[in-house]
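# Understanding the architecture of this molecule
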Amino acid sequence: MDDLGRALRTWRDRLDPASVGIPHKAPRRAPGLRREELAVLAGISIEYVVRLEQGRAVKPSAQVCTALGRALRLSDAEYAHLMRLAGHAADPHRVPRLIPGSVRRLLDRLESHPLAVYDATWQLLHWNPLFAATFGDPTTVTEDHRNLLLMQFEGMPSPARFSPGERAAFEESLVADLRATTSRYPDDPDVEALITRLQRAPRFRELWAAASVAEHQSGHKVIEHPEVGSVDLDSDVLTTQGSNLRVVVYTPRPGTDARDKLGFLAAIGTQNLAPDCG
């Protein structure tokens, strides 16, 4: 077991399952979370958790580290330590993915709204239970499906319904936002790789050629949910200072029944539908 594996095992052992919503159904031989419970909470396989703890896994991605940090309820210092152990030392030239405690506290206080946190490349890092219940559980899909740009331009399944004008405006805004990210992090290889992949999509190439620069700040979408039907939502994007994280908060559109439907979804929990992730 290497330093990363030892740290993960220590953090897993200290976490009370009840604190993350896992009831004690039977006596446990050891304290803390089981490996399979951590795997479910982080959205990764049990086999990968085993390999990480035994020091047999290839360097975990920053997204996996973020998921583990969220699942293990790590402090800012512990999360930064995890990122360093995984080879993701803080680098001013790389897109930040550390979610500070102040942002996590804000998320906890807005639990009555679906919300999610993305990095500057629109990679989903964190979400609350109501987001998962409304848009679909992000732990059931791959990391690619958790990137809003890849999902939009590669035609991945989504419960979101747009009018043609709304879709065009949404795509234009996302691409202009990505253009701004390239000037903030011109040396980040992940940004370059993302753009190279997106260039395969004709619609992205068209918008990228326009060279528009702007921040994606708000939007509107209708979610087709298998239990409650159409949920009409507005979204507002709050960008954190310094780290350029995007906190997306969804609110019921005035004049619709979305508020009642969100209340019902908060009660019934996560459904198995293809996540929109944004």
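Before reading on, note that the structure itself is shown above.
To keep things clear, this report deals only with the structure shown in the data block. Owing to the predicted nature of the structure, the values given are computational and were not obtained by experimental measurement.

### Considering the overall build of the protein
Helix and strand counts for the protein come out as twelve helices and six strands. Over its C-alpha trace the protein gives a radius of gyration of 19 Å, about what one expects of a compact globule, namely 19 Å for 278 residues. In terms of principal-axis extent, the alpha carbons of the protein reach across some 55 × 45 × 30 Å. Out of the 278 residues belonging to the protein, those deemed buried represent 50%. Excluding contacts between residues fewer than 6 apart, the proportion of contacts in the protein whose partners are at least 24 apart in sequence is 61%. Carbon together with sulfur atoms contributes 52% to the accessible area of the protein, which is approximately 13,100 Å² in total.

### As for the layout of surface pockets
Of the volumes computed, that of the largest pocket is approximately 960 Å³. In terms of lining, the largest pocket is formed by 28 residues, of which the most central are Arg70, Arg73, Trp127, Asn128 and Pro129. Elements with a contribution of two residues or more to the lining of the largest pocket: α2 (35-42), α4 (62-71), α6 (101-109), β2 (124-127), α7 (129-135) and α12 (258-268). The greatest single-element share of the lining of the largest pocket, amounting to four residues, is contributed by α7. Tallied by class, residues from the lining of the largest pocket come to 14 nonpolar, seven polar and seven charged.

### A short note on α12
For α12, the complete set of buried residues consists of Ala258, Lys261, Leu262 and Leu265. Around the axis of α12, the buried residues are gathered within 100° of arc, so they sit on the same side. The exposed residues of α12 that point more than 90 degrees off its buried face are Arg259, Asp260, Ala266 and Ala267. Looking at the buried positions of α12, the neighbouring elements they touch are α7, β4 (218-225), β5 (229-239) and β6 (246-252).

### Regarding the side chain of His220
Within the secondary structure, His220 is located in strand β4. One polar contact links His220 to Glu166, side chain to side chain, over a distance of 2.6 Å. For His220, the side chain forms a polar contact with the side chain of Arg253, separated by 2.8 Å. Contact partners of His220, with chain neighbours within four places excluded, come to Phe162, Glu166, Asp232, Leu233, Asp234, Ser235 and Arg253.

### Regarding the pattern of salt bridges
Going through the model one piece at a time under the given rule, you end up with 20 salt bridges. In this structure, the salt-bridge partner of Glu53 is Arg35, at a minimum N-O distance of 2.9 Å. Separated by 18 residues along the polypeptide, Glu53 in helix α3 (residues 46-53) and Arg35 in helix α2 bring together distant segments of the chain. The partner of Glu154 in a salt bridge is Arg197, and the shortest N-O contact between them spans 2.7 Å. Of this pair, Glu154 sits in the loop between α8 (148-153) and β3 (160-161) while Arg197 is found in helix α10 (residues 189-198), placing the two residues 43 residues apart along the sequence. On the accessibility criterion, Glu154 (33% relative accessible area) is partly exposed.

Conventions used here
Residues numbered from 1 in each chain as written. Predicted model: local features only at pLDDT ≥ 70, side-chain atom pairs only at ≥ 80, totals over all residues. Heavy atoms only, no water. Helix = DSSP H or I, 4+ residues; strand = E, 2+ residues; numbered from the N terminus. Rg over C-alpha atoms; globule rule 2.2 N^0.38 Å. Buried < 20%, exposed > 50% of the residue type's maximum accessible area, 1.4 Å probe, protein only. Contact = heavy atoms within 4.5 Å. Areas by Shrake-Rupley, 256 points an atom, 1.4 Å probe, with all protein chains shown as cover. 1 Å grid on protein atoms, 1.4 Å probe; cavity = no way out; pocket = protein on both sides within 12 Å on 5 of 7 lines; lining within 4 Å. Points joined across faces, edges and corners; volume = space filled by probe spheres on them. Nonpolar A, V, L, I, M, F, W, Y, C, P; charged D, E, K, R; others polar. Arc of directions from axis to C-beta. Polar contact = N/O pair within 3.5 Å; in protein donor to acceptor, adjacent residues only side chain to side chain. Salt bridge = Lys/Arg side-chain N within 4 Å of Asp/Glu carboxyl O.

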